[in-house]
Amino acid sequence: HGEDRLRAVVDALPAELKQHLDAKSAGHGVLANVWYPATLAHGLLNGMTRGLSAKQRTELADAGAEAIIRANLRGVYKVLFQLFMTPERYANRAQALWDRYYDTGIVTKTIESPTKHVSVIAEWRSHHPVLCEMNASSGRIIYEELGCKNVKVERTACVADGSPACRQVITWGG
């Protein structure tokens, strides 16, 4: 939503979170290869989504996932993705990919059929509803990149709604 919106969001952060950023640098000094506290990500997401409708929040989550996954598939993580050449291999290595982005959370992918996987994310202490939406969008993009057609991801449970874990049903075909 533009540099001005981002600047306003960063300016509104508490001092203990701003210390991780550099307002004078491009992207406020955020580096892709550095771990940041979840509270910083949550503060940025809360600020960026404040005042947005549910539809606008989902659109923002989709755009964020698209930008992150597409950048990684062209960048440093291209080699990692090449290991996930099939949906089955991706399902079997989902935890390793998750661990590249998060320091908590247990991902279990169950192959229910050749065109249906169920993903459960438990013990994700840094959960945020927008990040959860981004993960669902990321799953759709990854399965599309694996060659799956007409990919649908349905979020059937979320800790934000009181569930003990987040659950997504991924289907494709045709």
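Up top is the structure these notes are about.
For clarity, every value in this text was computed on a predicted model and none was experimentally measured.

Draft legend 1. Broad picture of the packing of aromatic side chains. A full pass over the atoms with the stated rule returns five aromatic pairs. Look at Tyr-90 and Tyr-143: their rings are 5.2 Å apart centre to centre, the planes differ by 80°, and that puts the pair in the edge-to-face class. Here Tyr-143 lies in helix α7 (residues 129-145) and Tyr-90 lies in helix α6 (residues 87-101), a separation of 53 residues in the sequence. Taking the relative accessible area as the measure of exposure, Tyr-90 reaches 7% and is therefore buried. Given the relative accessible area of 0%, Tyr-143 is considered buried. Geometrically, the ring pair formed by Trp-98 and Trp-124 is edge-to-face, given 4.9 Å between the ring centres and 80° between the ring planes. Here Trp-124 lies in the loop between β2 (116-122) and α7 and Trp-98 lies in helix α6, a separation of 26 residues in the sequence. For Trp-98, a relative accessible area of 8% translates into the label buried. You can call Trp-124 buried: its relative accessible area is 7%. Among the aromatic residues, those joined into a cluster by ring pairs are Tyr-90, Tyr-143 and Trp-172.

Draft legend 2. Representation of the nonpolar core in the model. Trp-98, Ile-121, Trp-124 and Leu-131 are the most contacted members of the largest nonpolar core, which has 14 residues in total. Those elements that provide at least two residues to this core are α6 and α7. The dominant element in this core, judged by the number of residues it contributes, is α7, at four residues. Not counting residues within four places of it along the chain, the set of residues in contact with Trp-98 comprises Thr-104, Gly-105, Val-107, Ile-121, Trp-124 and Asn-135. By size, the runner-up hydrophobic cluster in this structure holds 13 residues, among which are Ile-69, Ile-141, Val-151 and Ile-170.

Conventions used here
- Residue indices begin from 1 for each chain and proceed along its sequence in written order.
- At least 70 in pLDDT is required for a residue's local features to be given in this predicted model, at least 80 for side-chain atom pairs to be given and counted, and no such filter applies to totals for whole chains, interfaces and linings, which use all residues.
- Heavy atoms from the whole structure form the basis of all side-chain values; hydrogens and water molecules are not counted.
- Ring pairs are drawn from Phe, Tyr and Trp, using the six-membered ring of Trp, whenever the two centres fall within 6.5 Å, and their geometry is named by plane angle: stacked under 30 degrees, edge-to-face over 60, tilted for the rest.
- Strands here are runs of E lasting at least two residues and helices are runs of H or I lasting at least four, both read from the DSSP assignment and numbered beginning at the N terminus.
- When a residue's accessible area, from a 1.4 Å probe over protein chains only, is under 20% of the maximum for its type it is buried; when over 50% it is exposed; and in between it is partly exposed.
- Residues belong to one nonpolar core when they are buried, are Ala, Val, Leu, Ile, Met, Phe, Trp, Tyr or Cys, and are joined through side-chain atoms within 4.5 Å.
- Any two residues whose heavy atoms approach within 4.5 Å are treated as being in contact.

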